[in-house]
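# Coordinate inspection notes
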2 protein chains.
Amino acid sequence: MTEETASTAPEDLARHAEKMAKKKAARDKIMATKTGEKGLIIVHTGKGKGKSSAAFGMIFRHIAHGRKSAVVQFIKGAMSTGERDLILRHFSDLCDFHTMGEGFTWETQDKARDIAMARAAWEKAKELIRDPANSMVLLDEINIAIRYDYVPLADVLTFLAEEKPPMTHVVLTGRNAAEGLIELADLVTEMELVKHPFRSGIKAQQGVEF
Amino acid sequence: MTEETASTAPEDLARHAEKMAKKKAARDKIMATKTGEKGLIIVHTGKGKGKSSAAFGMIFRHIAHGRKSAVVQFIKGAMSTGERDLILRHFSDLCDFHTMGEGFTWETQDKARDIAMARAAWEKAKELIRDPANSMVLLDEINIAIRYDYVPLADVLTFLAEEKPPMTHVVLTGRNAAEGLIELADLVTEMELVKHPFRSGIKAQQGVEF
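Here goes a summary of the coordinates provided. Keep in mind the model is a prediction, meaning the values are calculated, not measured.

This part is about the interface of chain B and chain A. Tallying the contact residues gives 85 residues for chain B and 85 residues for chain A. Between chain B and chain A, roughly 8000 Å² of surface is buried when both sides are summed, and carbon and sulfur atoms account for 58% of that area. Taken together, the links from chain B to chain A amount to two salt bridges. In this structure, the salt-bridge partner of Glu83(A) is Arg61(B), at a minimum N-O distance of 2.8 Å. Taken together, chain B and chain A are joined by 22 residue pairs in polar contact (both at pLDDT 80 or more). Elements that contribute at least two residues to the side of chain B that touches chain A include exactly α1 (10-32), α2 (51-64), α3 (81-90), α4 (105-108), α5 (111-130), α8 (179-184) and β6 (187-195) of chain B. The residue makeup of the side of chain B that touches chain A, split by class, is 35 nonpolar, 25 polar and 25 charged.

Structural data, given as structure tokens:
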């Protein structure tokens, strides 16, 4: 990796420029073949951080471009209150926000209510995805509702495959994404936890976790 | 996993409530031990998506809480133009934004200029981290500048270990985070690419990638 040193000798710079020109040509050629557009099914899963935040990042990009989107939060306690507050306060005209869940299931201890809420959230989600005004719909923490079978996986897969408008992006977040969902999805990212400060007694902090 | 079915028979509901109550008690007990606060060194790395977006998510949380933050983008071409535009347009009083890099090095093909820009970005980063007004500083794509040795790793580690104010959060993003940085960090997430639509000829789309 001689090109990856900070040498600025003239011969090194010339070699670097030549190498990079080749790399750019190769990359441009590849990018030219990527011409399709379609509404993507995007999954963020894994035990690491950033699943919801990265999804909200796409919502913020939609807002920046003046495009309409919607969010259904299947679990209220997921702590992304910062992003939610910001959207509700500044951008509610561009993003339709629904917080349907009540908290993690071990917080509520009322299974019948949890199931009813998850199903109501899924009904709202279908309505928002069908609405052609929405270019992206984020189903935050739906994977947990699917895993507990509060929302049947088969219903989700059938709806996404058969009823999702072709240009609408749908983002599904949460740990333990179902195999069938990963198979159906176009873009899947697993956030892996490498190191976490909880292990050294640090609590969740404002501006980081919430 | 009988508790993870959608059965609503009375005895199942009672068993579920009892199990969840135990789970909540255990969780509350663990959380009570997490009392510390400190400025974290946070790293987002890996080949997957969401490294920068999840970092911008934390910047948006800071904005939502009215706390000051700053961003240095080491590589302009990293395409997070949506989040950048939104911050510049609406929240420039709370977030000090600096785009220092010119693009990926194979785009510019001018190594001497890339090195000069990366070093200027690092000088700016140090200034912003030292400023006690900033509660979080995001060094977007700095890992690439470190990997090419445009910014010496040893300088970054020494500065973070010795000069970062104790309560300031610093977020460093980009592929191929250096081993030494991962060791020093408090919170490390690896975004792993499971599936990507480029493979089926889909191009980068507005509101998703940029």
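Still to come is the rest of the account.
Taken in spatial order, the 12 strands of this open sheet run β3(A)-β2(A)-β4(A)-β5(A)-β1(A)-β6(A)-β6(B)-β1(B)-β5(B)-β4(B)-β2(B)-β3(B), and their pairing is mixed. The sheet is open, and its two borders are formed by β3 (95-99) of chain A together with β3 (95-99) of chain B, each paired with just one other strand. Adjacent strand axes in the sheet meet at a mean angle of 15 degrees, parallel and antiparallel pairs treated alike. Two strands pair when backbone bridges link them, and strand β2 (residues 69-73) of chain A and β3(A) are joined in this way by five bridges, in the parallel orientation. Residue pairing in the sheet places Ser69(A) in a bridge with Cys95(A) of β3(A).

Under the counting rule described, the total for this entry stands at 16 salt bridges over all chains. Here Asp186(A) ties to Lys38(A) by a salt bridge, and the two come within 2.8 Å at their closest N and O atoms. Residue Asp186(A) is found in the loop between α8 (179-184) and β6 (187-195), and its partner Lys38(A) is found in the loop between α1 (10-32) and β1 (41-45); the two are separated by 148 residues along the sequence. Given the relative accessible area of 15%, Asp186(A) is considered buried. The exposure class of Lys38(A) is partly exposed, given its relative accessible area of 33%. Between Arg130(B) and Glu163(B) there is a salt bridge, and its shortest N-O distance comes to 2.9 Å. In this pair, Arg130(B) sits in helix α5 while Glu163(B) sits in the loop between α7 (153-162) and β5 (169-173), placing the two residues 33 residues apart along the sequence. For Arg130(B), a relative accessible area of 41% gives the class partly exposed.

If you rotate chain B by 180 degrees and push it 0.0 Å along the axis, it lands on chain A with an RMSD of 0.0 Å. On the angle and the small slide along the axis, the relation comes out as a two-fold axis. By residue overlap, the copies meet face to face through one surface: 100% of the interface positions of chain B are interface positions in chain A.

By size, the foremost hydrophobic cluster in this structure holds 44 residues, and its most contacted members are Ile63(A), Phe60(B) and Ile63(B). For this core, the secondary structure elements donating two or more residues are α2 (51-64), α3 (81-90), β3 and β4 (136-140) of chain A together with α2, α3, β3 and β4 (136-140) of chain B. Setting aside residues no more than four positions away along its own chain, Phe60(B) makes contact with Phe60(A), Leu86(A), Glu83(B), Leu86(B), Ile87(B) and Phe91(B).

Residue and element names in this part refer to chain A. Contact pair helix α5 (residues 111-130) / helix α7 (residues 153-162): the axes reach a minimum separation of 12 Å and the direction vectors enclose 5 degrees. Between α5 and α7, the interaxial angle falls into the category roughly parallel. Of the residues in α7, those in contact with Trp122, Lys126, Ile129 and Arg130 of α5 are Asp155, Val156 and Phe159. When its residues are assigned to classes, the contact of α5 with α7 shows four nonpolar, no polar and three charged.

Residue and element names in this part refer to chain A. Scanning the model with the defined rule gives eight aromatic pairs over all chains in all. Ring plane angle 55 degrees and centroid distance 5.6 Å describe the contact between Tyr148 and Tyr150, whose orientation is recorded as tilted. Across the pair, Tyr150 and Tyr148 agree in class, each one buried.

All names here are of chain B. Those residues of α7 not exposed but buried are Val156, Phe159 and Leu160. Down the axis of α7, the buried side of the element spans an arc of 95 degrees, and every buried residue falls inside it. Opposite the packed face of α7, turned more than 90 degrees from it, sit the exposed residues Ala161 and Glu162. Taken together, the buried residues of α7 touch β1 (41-45), α5, α6 (142-147), β5 and α8.

Further remarks concern the environment of Leu128(A). All names here are of chain A. Among the structural elements, Leu128 can be located in helix α5. With relative accessibility at 4%, the residue Leu128 sits in the buried group. Once the C-alpha coordinates of Leu128 and Ser69 are considered, the two residues, 59 residues apart in sequence, prove to be 8.8 Å apart. If we ignore the near neighbours within four places in the chain, the residues touching Leu128 are Ala70, Val72, Asp96, His98, Asn134 and Val137.

This brings us to the environment of Phe56(B). With respect to the helices and strands, Phe56(B) occurs in helix α2. As a C-alpha pair, Phe56(B) and Ile87(B) span 31 residues in sequence and 9.7 Å in three-dimensional space.

Another aspect to go through is the packing of α2(A) against α2(B). Relative placement of two packed helices is described by the angle separating their axes and the distance separating the axes. Put simply, α2(A) and α2(B) touch, their axes get as near as 7 Å, and they point 80 degrees apart. Relative to α2(B), the element α2(A) is oriented roughly perpendicular. Taking contact as the criterion, the partners of Ser53(A), Ala54(A), Gly57(A), Phe60(A) and Arg61(A) in α2(A) are, on α2(B), Ser53(B), Ala54(B), Gly57(B), Phe60(B) and Arg61(B). Per-class residue counts for the contact of α2(A) with α2(B) are four nonpolar, four polar and two charged.

Parameters at a glance
- Residues numbered from 1 in each chain as written.
- Chains lettered and ligands numbered in written order.
- Predicted model: local features only at pLDDT ≥ 70, side-chain atom pairs only at ≥ 80, totals over all residues.
- Heavy atoms only, no water.
- Contact = heavy atoms within 4.5 Å.
- Buried area = accessible area lost by both parts, 1.4 Å probe.
- Salt bridge = Lys/Arg side-chain N within 4 Å of Asp/Glu carboxyl O.
- Polar contact = N/O pair within 3.5 Å; in protein donor to acceptor, adjacent residues only side chain to side chain.
- Helix = DSSP H or I, 4+ residues; strand = E, 2+ residues; numbered from the N terminus.
- Nonpolar A, V, L, I, M, F, W, Y, C, P; charged D, E, K, R; others polar.
- Pairing = 2+ DSSP bridges.
- Axes fitted to C-alpha atoms, helices over the stretch in contact; angles between N-to-C directions.
- Buried < 20%, exposed > 50% of the residue type's maximum accessible area, 1.4 Å probe, protein only.
- Least-squares fit on C-alpha atoms with pLDDT ≥ 70 in both.
- Core = buried A, V, L, I, M, F, W, Y, C linked by side-chain atoms within 4.5 Å.
- Parallel < 35°, antiparallel > 145°, perpendicular 65-115°, else oblique.
- Phe/Tyr/Trp six-rings, centres within 6.5 Å; stacked < 30°, edge-to-face > 60°.
- Arc of directions from axis to C-beta.

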